[in-house]
Amino acid sequence: MAVKGIVVASTNGAVGIQAAIEVIRAGGSALDAVVAGIEPVEANPDDNSVGLAGLPNLVGDVELDASIMDGRGLRAGAVGALRHYRDAIALSRVVMEDLPHSLIAGAGAERLAREVGMTEMNLLTPASDDQWRQRLLRRGIRDGAFGPDLRGWARRVTRDPELPPPPHGTVNVIARDRDGNLASGVSTSGWAWKYPGRLGDSPIIGAGNYADNRWGAAACTGRGEKAMRCCTAHSVVTFLRFGMGLTEALTTAMEDMRALDDPYRGQINIVALDRDGHHGAASSAVGKTYIVQDDEMSSHEELVRLHIPVTAETDGRSADKA
Ligand code: GLY
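Residues numbered from 1 in each chain as written. Predicted model: local features only at pLDDT ≥ 70, side-chain atom pairs only at ≥ 80, totals over all residues. Heavy atoms only, no water.

Trainee: What is the right way to read the overall build of the protein from this model?
Mentor: For the protein, the helix and strand inventory stands at nine helices and 13 strands. Against the compact-globule benchmark of 20 Å for 322 residues, the protein has a radius of gyration of 18 Å, which places it among compact chains. Across its three principal axes, the protein shows a C-alpha extent of roughly 65 × 45 × 35 Å. The buried share of the protein, taken over its 322 residues, is 60%. When contacts within the protein are restricted to residue pairs at least 6 apart in sequence, those whose partners lie at least 24 apart make up 69%. Roughly 12500 Å² of accessible area belongs to the protein as shown, and the carbon and sulfur atoms make up 50% of that amount. Separation of charge centres in the protein, based on 34 positive and 42 negative side chains, amounts to 5 Å. (Helix = DSSP H or I, 4+ residues; strand = E, 2+ residues; numbered from the N terminus. Rg over C-alpha atoms; globule rule 2.2 N^0.38 Å. Buried < 20%, exposed > 50% of the residue type's maximum accessible area, 1.4 Å probe, protein only. Contact = heavy atoms within 4.5 Å. Areas by Shrake-Rupley, 256 points an atom, 1.4 Å probe, with all protein chains shown as cover. Lys, Arg positive; Asp, Glu negative; His and termini not counted. Charge placed at Lys NZ, Arg CZ, Asp CG, Glu CD.)

Quick look at the structure:
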């Protein structure tokens, strides 16, 4: 018997959620819906946290991370530190379906994108380039003149108390199709001004993304190192498995992160969908929202996330983009 199709996403997924729900309405799979929902975000030049126009790493290179997971058989694919190609979620699916692997990073990911005929492009737009330069100029860095201590700059540019916290956004899309199958996807340009080659939680299955038809799915945005160290997306699904409701599962996963010693600033956020189609989301920031659309709704609804403080530093910081 058909169940209600539904798509849940981080709020920056608004440009793609309609495409995702149309896939479901047409009888398509949750996996197809996730890709359809994320691709418009990757192509959106106004979103500087995902795909084209993503903010670059410390030395000015845009490096994308993404992953996709199929809740039917726990298949997953991911790419990390992908340069010159926008289609990180589609390429994650290629990894899952065409390779005996789950994660391809760096030059290998770029090679794979070329091999399957994706379009090579300059991901760094003038606006993102300017934002990258301006933050470095505030610390006296001009034309990449960092000197030998690049790791010191990675710490200082991130933690500079005189500057707003660096934006570190991401898109999450989770879908349930009319057959009751779940899929989840994440795509991001990661932590802006990151050390080159840094991978966040987004391409790490279990950290930033997890889907299991038997229990539910979860995905994260925000400071990925928190989700990596607590295996947050998998934790939410495991808490569902052991009988918690969605609100308790989200709250417990957020509270787990209070054990982290983390001097770096950055909020953390989770969206989740259980196998019965209940949705929820949490954030360490006040007033953060997520979006949802089921197959009977003509447009999406924006809802406020549970606010679960994680550290004093992230509490109340709703200005971060993530
Ligand atoms: N959550 C995205 C990142 O940390 O890269």
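Trainee: When you look at the pattern of salt bridges in this model, what are you seeing that I'm missing?
Mentor: Should the charged atoms of two oppositely charged side chains come close, the side chains can pair. By the definition in use, this model includes 17 salt bridges. D149 is the salt-bridge partner of R151, the closest N and O atoms lying 3.7 Å from each other. The exposure class assigned to R151 is exposed, which follows from its relative accessible area of 56%. Taking the relative accessible area as the measure of exposure, D149 reaches 26% and is therefore partly exposed. (Salt bridge = Lys/Arg side-chain N within 4 Å of Asp/Glu carboxyl O.)

Trainee: Hey, could you run me through the sheet that holds strand 10 (residues 279–283) in this one?
Mentor: Strand-to-strand pairing in sheets goes through backbone hydrogen bonds, with the strands running parallel or antiparallel. Across the sheet, which stays open at both edges, the five strands sit in the order 7-8-9-10-13 with mixed pairing between neighbours. Across the chains shown, the open sheet's two edge strands, defined by having one partner strand only, are strand 7 (209–212) and strand 13 (306–307). Direction of pairing for strand 9 (residues 268–274) relative to strand 10: antiparallel, over a ladder of five bridges. In the strand pairing of strand 10, N269 is matched with S283. Of the strands in this sheet, strand 7, strand 8 (216–222) and strand 9 are in contact with helix 8 (residues 232–241), which crosses strand 8 at around 150 degrees. (Pairing = 2+ DSSP bridges. Axes fitted to C-alpha atoms, helices over the stretch in contact; angles between N-to-C directions.)

Trainee: Can you help me understand the nonpolar core in this one?
Mentor: Buried together is how nonpolar side chains tend to be arranged in soluble globular proteins. In terms of nonpolar packing, the biggest core is built from 38 residues, with V236, M254 and I270 touching the most fellow members. With near-sequence residues (within four places) excluded, I270 lies in contact with A218, A219, C220, T232, V236, L250, A253, M254, G280, A281, A282 and R305. Ranked by size, the runner-up nonpolar core spans 24 residues in total, among them V7, M96, V173 and A175. (Core = buried A, V, L, I, M, F, W, Y, C linked by side-chain atoms within 4.5 Å.)

Remember that the coordinates give geometry; whether it matters functionally is a separate question.
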